[in-house]
Amino acid sequence: MEKIIKSKARVQKHGEVFTPRKIVNQMLDVPEIKEACENLTATFLEPAAGEGAFLIEILKRKLIMVSERYNDDLTQYENYSLLALSTLYGIELLEDNAQICVMNMYETYYDYYQKQAKCVE
């Protein structure tokens, strides 16, 4: 089960409540948003990034698209996947969340890159 609250104190002090993955995906599936997620150069700014739930799901969608288009050329995959990554921005008040968000983004990118590199070999 997903944790949407770290502690009662954090909710009271910062209003911190995380969005469940199911809701994130439902929101990203709204036609206009879905279309933007499929646009390699569309820029996203998450003003309350938390641990990166929205940014990670958008990154996954963009990386899937890049993989489908450039699945036979690792150099092109690298260039376009980094372009996709460079279109995602987040703002986060709490340092621990910001650090987790960065690590989550890194791990997501790394996992997709590893899969792509193995497919091209």
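Every value quoted in this text rests on a predicted model; they were computed, and no experiment measured them. (Residues numbered from 1 in each chain as written. Predicted model: local features only at pLDDT ≥ 70, side-chain atom pairs only at ≥ 80, totals over all residues. Heavy atoms only, no water.)

### Focus: helix H5 (residues 74-85)
Compared with an ideal rise of 1.5 Å per residue, which puts 12 residues at 16 Å, H5 spans 16 Å between its outermost C-alpha atoms and is within 8% of the ideal. The complete set of buried residues in H5 reads Tyr77, Ser81 and Ala84. Relative to the axis of H5, the buried residues are bounded by an arc of 50 degrees and lie together on one face. Buried residues in H5 make contact with helix H4 (53-69), strand S2 (88-90) and helix H6 (95-120). Looking at where H5 begins, the residue whose side-chain oxygen comes 3.0 Å from the main-chain nitrogen of Thr75 is Asp73. (Helix = DSSP H or I, 4+ residues; strand = E, 2+ residues; numbered from the N terminus. Expected span 1.5 Å × (residues − 1). Buried < 20%, exposed > 50% of the residue type's maximum accessible area, 1.4 Å probe, protein only. Arc of directions from axis to C-beta. Contact = heavy atoms within 4.5 Å. Polar contact = N/O pair within 3.5 Å; in protein donor to acceptor, adjacent residues only side chain to side chain.)

### Examining the environment of Asn39
Looking at where Asn39 falls in the secondary structure, it is placed in the loop between helix H3 (31-37) and strand S1 (44-46). What makes Asn39 partly exposed here is its relative accessible area of 35%. Once residues lying within four places of it in the same chain are set aside, the contact partners of Asn39 are Lys62 and Met65.

### A look at the environment of Leu55
Counting through the fold element by element, Leu55 comes out in helix H4. What makes Leu55 buried here is its relative accessible area of 4%. Taking the C-alpha atoms as reference points, Leu55 and Tyr89, 34 residues apart in sequence, are found 7.7 Å from one another. Discounting residues that sit within four places of it in the chain, Leu55 has contacts with Glu46, Ala49, Leu88, Tyr89, Gly90, Cys101 and Met105.

### Section: the side chain of Asn97
The residue Asn97 is located in helix H6 in this model. At 2.5 Å, the side chain of Asn97 and the side chain of Glu16 are in polar contact. Every residue in contact with Asn97, bar those within four places of it in the chain, is listed here: Lys6, Arg10, Glu16, Phe18, Gly50, Glu51 and Glu92.

### A few points about H6
With 26 residues, H6 ought to run about 38 Å at 1.5 Å a step, and its terminal C-alpha atoms sit 38 Å apart, in line with that. Check the buried side of H6 and you find it contacts helix H1 (8-14), H4, H5 and S2.

### Notes on the packing of aromatic side chains
With the rule as written, the count across this model stands at four aromatic pairs. Seen from their ring centres, Tyr70 and Tyr80 are 4.3 Å apart, and the 5 degrees between their planes marks the pair as stacked. Here Tyr70 is found in the loop between H4 and H5, whereas its partner Tyr80 is found in helix H5, with 10 residues between them in sequence. Judged by its relative accessible area of 17%, Tyr70 is buried. Residue Tyr80 is classed as partly exposed on the basis of its relative accessible area, which comes to 29%. Measuring from centroid to centroid gives 6.4 Å for Tyr77 and Tyr113, while their planes differ by 40 degrees, and the two rings are tilted. With Tyr77 in helix H5 and Tyr113 in helix H6, this residue pair connects regions lying 36 residues apart in the sequence. When its relative accessible area of 1% is taken as the criterion, Tyr77 is described as buried. Grouped by ring-pair contacts, the aromatic residues Tyr77, Tyr109 and Tyr113 constitute a single cluster. Lying over the aromatic face of Tyr112, Lys115 brings its terminal NZ or CZ to 5.2 Å of the ring centre. (Phe/Tyr/Trp six-rings, centres within 6.5 Å; stacked < 30°, edge-to-face > 60°. Lys NZ or Arg CZ within 6 Å of the ring centre and 35° of its normal.)

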